[in-house]
Amino acid sequence: MKKVLWFRRDLRVHDSMLLATEGEVLPIFIFDTKILRGLEKRDRRVSFIFEHVLKLKADLKALGLDLALFYGTPFDVFTYLKTLGFDEVYGSVDYDDYAKERDAEIAEFMCFHSLNDCYLFEPHEVLKKDGTPYLVFTPYYRACKALYTQFYALEYKKGKQSLSNFNYSVLLGIQGHTLNPLHVTIESIGFEPLHVNSLAPQKALEIFTCKVDAYAEKRDFLDADATSHLSVHLRFGTISIREVVRFLVTLKQQGHTTEPFFRQLIFREFYAYLLYHFPRLAWENYKYAPPISNDAEAYERFCSAQTGYPLVDAAVTELLSTGLMHNRARMVVGSFFTKHLMLPWQKGEAFFAKHLLDYDASANILSWQWCAGTGIDPQPYFRIFNPYTQSLKFDKEARYIKHYLPILSDVPNACLHKEAYLLSHEITGYPKPIIAHESARKRFLNTFS
Ligand SMILES: Cc1cc2nc3c(=O)[nH]c(=O)nc-3n(C[C@H](O)[C@H](O)[C@H](O)COP(=O)(O)OP(=O)(O)OC[C@H]3O[C@@H](n4cnc5c(N)ncnc54)[C@H](O)[C@@H]3O)c2cc1C
C-alpha cells in the first residue's frame with residue numbers, strides 16, 4: 001500500500017515517527033487554506049513554517065526522499081490523492097478542535113493512522129485509579145514520573161522507504177477538482193516573507209546546558225535569558241520532545257539539576273491532556289464565570305500597549321515586535337487583562353493566538369484559564385498579580401521595561417515600579433495608568449463576590 005506521510009507539527013527528519021514507517025511513501029505538507037485565510041499577510045508563523053518546510057524538503061532529499069507541497073484544503077488534497085491510488089495516511093496527533101475535525105473528515109475516506117509524535121504520553125495512559133483524568137497538576141506529574149521509562153524517549157530511526165512518483169518540483173494549488181501548479185514561494189500562498197529570529201533547536205539545547213542548573217532560580221527574571229527558547233520548536237516539531245528528554249537524561253547523569261525543567265515539559269503534556277479530555281475548555285469556563293466588562297477602550301489600550309502599566313505595556317510590545325513574550329510577563333498580563341480590566345479571557349487568548357510565534361492551542365487556552373481563575377487547576381480567583389511588585393521583583397533595574405519601552409528610558413528605574421509616581425507625573429508620550437491597582441483589585445473582588 002502507498003502511504004501518505006502527512007507532516008504537520010513534526011517538521012523534521014531526525015527522530016520522526018513518520019519516517020520510521022516502511023514501504024512506498026509520499027511525504028506531503030499542506031498549506032491549509034482554511035487556516036491561512038484567517039491570518040494577516042505578514043504573519044511570522046507562516047514565514048517560520050515556510051522556511052522549515054523548505055528545510056524539511058531539503059533534508060528529505062538528502063535521505064533519498066522528497067516532500068510534495070500543496071496549497072488547498074486537506075479535504076481537496078486527499079480527495080485528489082485518493083484518485084491517484086493513495087488510501088492510507090499517517091499523521092501526528094493534534095488535539096485542537098479544528099485539527100480533530102479535519103482529521104476525522106479525512107478518516108472518513110482514507111485509512112488514518114494517528115501517531116503520538118508530539119507528546120511523551122498518550123492521553124489515556126495517565127489516568128487516576130478510577131479511570132478518570134487527573135484534574136490537578138501535581139498528582140498528574142507524579143503519575144507521569146512513575147510511568148516514565150526510557151522507552152518513552154527512544155529515538156525513532158528511519159525505516160526502509162521508497163519514494164512514490166510525483167511532481168515534487170511545484171507547489172500544487174488544489175481547489176475542488178482544479179489543479180494549479182505554483183512556484184514554491186511564500187508569495188504563491190499570499191504571504192510576505194518576514195525574518196524570524198529563532199535559534200536552531202540543537203543550538204538552543206546546547207546553550208541551555210549552561211542555564212539548566214539555575215533554571216528554577218532565574219526563569220522568572222525578565223531580563224535573565226534563563227529559559228530554553230524551545231517552545232516554537234516544540235510547537236512545530238522542529239525538534240522531537242523525545243530528543244529534549246534524552247538531552248535532559250544525559251545532563252542528569254552528568255550531575256545537573258534537570259527536574260524543574262522536566263516539570264515544565266510535563267506542564268505542556270498536562271495542558272494538551274486536559275484539552276483532549278475536556279474539549280469544551282477551548283471556549284467554556286470550567287469553574288465559575290468571572291465578572292466581565294466589555295470595555296472596548298480598555299481592550300484597545302491593552303492591545304496597543306497603552307495601559308500606563310510599564311510591565312504590561314512592555315510585555316505587549318515584546319509580543320507585537322517579536323512574536324514572543326516571557327513566561328512571567330504572560331502570567332502578569334493574563335491576570336491584568338482578566339482581573340484589572342475584567343475583560344473575558346477568551347479575548348486575551350485570541351489576541352495571543354494572533355501574535356504568538358509559539359502559539360499552541362492547549363498551552364494558550366489552559367494558561368489563560370489559569371490566569372483568569374476559571375480553568376481546571378487554576379490559580380485562585382482572588383490571587384491578583386500586582387504588576388508593580390512583579391516588576392520590582394523580576395525586573396528591578398527596569399531593563400526589560402526600558403528595552404521594550406524606550407520612551408521610558410529617562411524615568412528613574414525605581415519610579416517605574418511606583419504607581420504613585422506614574423499617577424502623579426506626566427511622561428511625554430506615555431499615558432497614566434488606566435486604573436489604579438488597588439481600585440482594580442477591589443472592583444474585581446467586589447463584583448466577584
Ligand atoms: C497566558 C499564557 C499563555 C501561554 N501561551 C503559550 C502558547 O501559546 N504556547 C506555548 O508553548 N506556551 C505558552 N505559554 C507557556 C510559556 O509561557 C511558554 O511555553 C514559554 O514562555 C516559552 O519559552 P521557553 O521555551 O523559553 O520556555 P522554558 O521555560 O524553557 O520551558 C520549556 C518548555 O516547556 C513548555 N512550557 C513551559 N511553561 C509552560 C506552561 N506554563 N504551559 C505549557 N507549556 C509550558 C514549553 O513547551 C517550553 O518550551 C503560555 C503561558 C501563559 C501564562
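The structure displayed is predicted, hence computed values, not measured ones.

Asker: If you had to explain the nonpolar core to someone new, which residues and values would you point to?
Answerer: Buried together is how nonpolar side chains tend to be arranged in soluble globular proteins. Counting 87 residues, the largest nonpolar core has Tyr-140, Ile-266, Phe-302 and Tyr-400 as the members making the most contacts within it. Two domains share this core, each providing at least three of its residues, namely domain 2 (201-277) and domain 3 (296-448). Counting residues in each nonpolar core, the second largest holds 30 residues, with Phe-7, Met-17, Ile-49 and Leu-357 among its members.

Asker: Could you give an account of the pairing of strand 7 (residues 171-175), with specific residues and numbers?
Answerer: Within strand 7, 4 of the 5 residues are buried, leaving the element largely enclosed by the surrounding structure. Direction of pairing for strand 3 (residues 68-72) relative to strand 7: parallel, over a ladder of 3 bridges. When the sheet's bridge partners are listed, Tyr-71 is paired in strand 7 with Gly-173. As paired elements, strand 7 and strand 8 (residues 178-182) share 5 bridges and run antiparallel to each other. Note that in strand 8 the partner of Leu-172 across the bridge is Pro-181. Between the end of strand 7 and the start of strand 8, which pair antiparallel, lie 2 residues, with Gly-176 showing a positive phi angle near 60°.

Asker: Requested: an account of the site of the ligand, with residues and values cited.
Answerer: Close to the ligand lie 25 residues, the nearest being Tyr-215, Thr-227, Ser-228, His-229 and Asn-327. One nitrogen or oxygen atom from the side chain of Tyr-215 is found 2.5 Å from an oxygen atom belonging to the ligand. Contact distances for the ligand include 2.7 Å between an oxygen atom and a backbone N or O atom of His-229. For the ligand, whose accessible area on its own is 820 Å², the fraction buried by protein is 94%. Among the elements that make up the shell around the ligand, the one with the highest residue count is helix 10 (residues 259-277) (5 residues).

Asker: Give me the lowdown on the environment of Leu-19, citing residues and values where you can.
Answerer: Of note, Leu-19 is situated in the loop between strand 1 (3-6) and strand 2 (23-32). The sequence separation of Leu-19 and Leu-5 amounts to 14 residues, and the corresponding C-alpha distance is 7.9 Å. With residues up to four places along the chain from it excluded, the contact list for Leu-19 reads Leu-5, Phe-7, Arg-12, Val-13, Leu-60, Leu-63, Leu-65, Lys-157, Lys-158, Gly-159 and Gln-161.

Asker: Just give me the short version of the pairing of strand 5 (residues 111-115), but keep the residues and values in it.
Answerer: The pairing of strand 4 (residues 88-92) with strand 5 spans 5 bridges and is classified as parallel. Residue Ser-92 lies in a different strand from strand 5, and its bridge partner there is Leu-115. On the question of chirality, the crossover connecting strand 4 to the parallel strand 5 by way of helix 4 (residues 97-107) is right-handed.

Asker: Account for the pattern of salt bridges, naming residues and giving values.
Answerer: A side chain of one charge can pair with a side chain of the opposite charge if their charged atoms are brought near each other. Within this structure, the stated rule accounts for 25 salt bridges. For Asp-117, the salt bridge is made with Arg-12, and the minimal N-O distance between the two is 3.0 Å. Of the two residues, Asp-117 sits in the loop between strand 5 and helix 5 (137-147) while Arg-12 sits in the loop between strand 1 and strand 2, which places them 105 residues apart along the sequence. On the accessibility criterion, Asp-117 (2% relative accessible area) is buried.

Asker: Quick one: what's the story with unusual backbone geometry, residue by residue and with numbers?
Answerer: Of note, the phi angle at Asp-225 is positive, near 45°, even though the residue is not glycine. In this structure, Asp-225 sits in the loop between helix 7 (215-218) and helix 8 (231-236).

Asker: Could you give an account of the packing of aromatic side chains, with specific residues and numbers?
Answerer: The way to describe two aromatic rings as a pair is by their centre distance and the angle between their planes. Summed over the entire model, instances satisfying the criterion amount to 42 aromatic pairs. Seen from their ring centres, Phe-48 and Phe-236 are 5.3 Å apart, and the 35° between their planes marks the pair as tilted. With Phe-48 in helix 2 (residues 44-62) and Phe-236 in helix 8, the pair connects residues that are 188 residues apart, well separated along the chain. Each member of the pair, Phe-48 as well as Phe-236, carries the same accessibility label: buried.

Asker: Could you give an account of the packing of helix 9 (residues 241-253) against helix 10, naming the residues involved and the relevant values?
Answerer: For the pair helix 9 and helix 10, interaxial distance at closest approach is 11 Å and the crossing angle is 160°. With respect to their mutual orientation, helix 9 and helix 10 come out roughly antiparallel. Here helix 9 runs over helix 10; the crossing is left-handed. For the pair helix 9 and helix 10, the contacting residues are Ile-241, Val-244, Val-245 and Leu-248 in the first and Phe-261, Phe-262, Leu-265, Arg-268 and Glu-269 in the second. Considered class by class, the residues forming the contact of helix 9 with helix 10 number 7 nonpolar, no polar and 2 charged.

Asker: Explain the domain arrangement of the protein chain residue by residue, including any values.
Answerer: According to the domain assignment, the protein chain contains domain 1 (1-118), domain 2 (201-277) and domain 3 (296-448). If you average the C-alpha positions of domain 1 and of domain 3, the two centres end up 37 Å apart. At the junction of the two partners, domain 1 supplies 7 residues and domain 3 supplies 13 residues. Both sides of the domain 1 and domain 3 interface together cover about 640 Å² of buried area, and 43% of this is carbon and sulfur. Considering only the surface of domain 1 that becomes buried against domain 3, Glu-40, Arg-44 and Arg-45 emerge as the three largest contributors, covering 77% of it. Scanning the region where domain 1 abuts domain 3 turns up 2 salt bridges. Run the count over domain 1 and domain 3 and you get 7 residue pairs in polar contact (both at pLDDT 80 or more). Tallied by class, the residues present in the side of domain 1 that touches domain 3 amount to 1 nonpolar, no polar and 6 charged.

What counts as what
Residues numbered from 1 in each chain as written. Predicted model: local features only at pLDDT ≥ 70, side-chain atom pairs only at ≥ 80, totals over all residues. Heavy atoms only, no water. Core = buried A, V, L, I, M, F, W, Y, C linked by side-chain atoms within 4.5 Å. Buried < 20%, exposed > 50% of the residue type's maximum accessible area, 1.4 Å probe, protein only. Domains from an automatic or database assignment. Helix = DSSP H or I, 4+ residues; strand = E, 2+ residues; numbered from the N terminus. Pairing = 2+ DSSP bridges. Near = heavy atom within 4 Å. Polar contact = N/O pair within 3.5 Å; in protein donor to acceptor, adjacent residues only side chain to side chain. Areas by Shrake-Rupley, 256 points an atom, 1.4 Å probe, with all protein chains shown as cover. Contact = heavy atoms within 4.5 Å. Right-handed = clockwise from strand over helix to strand, strands pointing away. Salt bridge = Lys/Arg side-chain N within 4 Å of Asp/Glu carboxyl O. Phe/Tyr/Trp six-rings, centres within 6.5 Å; stacked < 30°, edge-to-face > 60°. Axes fitted to C-alpha atoms, helices over the stretch in contact; angles between N-to-C directions. Parallel < 35°, antiparallel > 145°, perpendicular 65-115°, else oblique. Left-handed = near helix turned anticlockwise from the far one by under 90°. Nonpolar A, V, L, I, M, F, W, Y, C, P; charged D, E, K, R; others polar. Buried area = accessible area lost by both parts, 1.4 Å probe.

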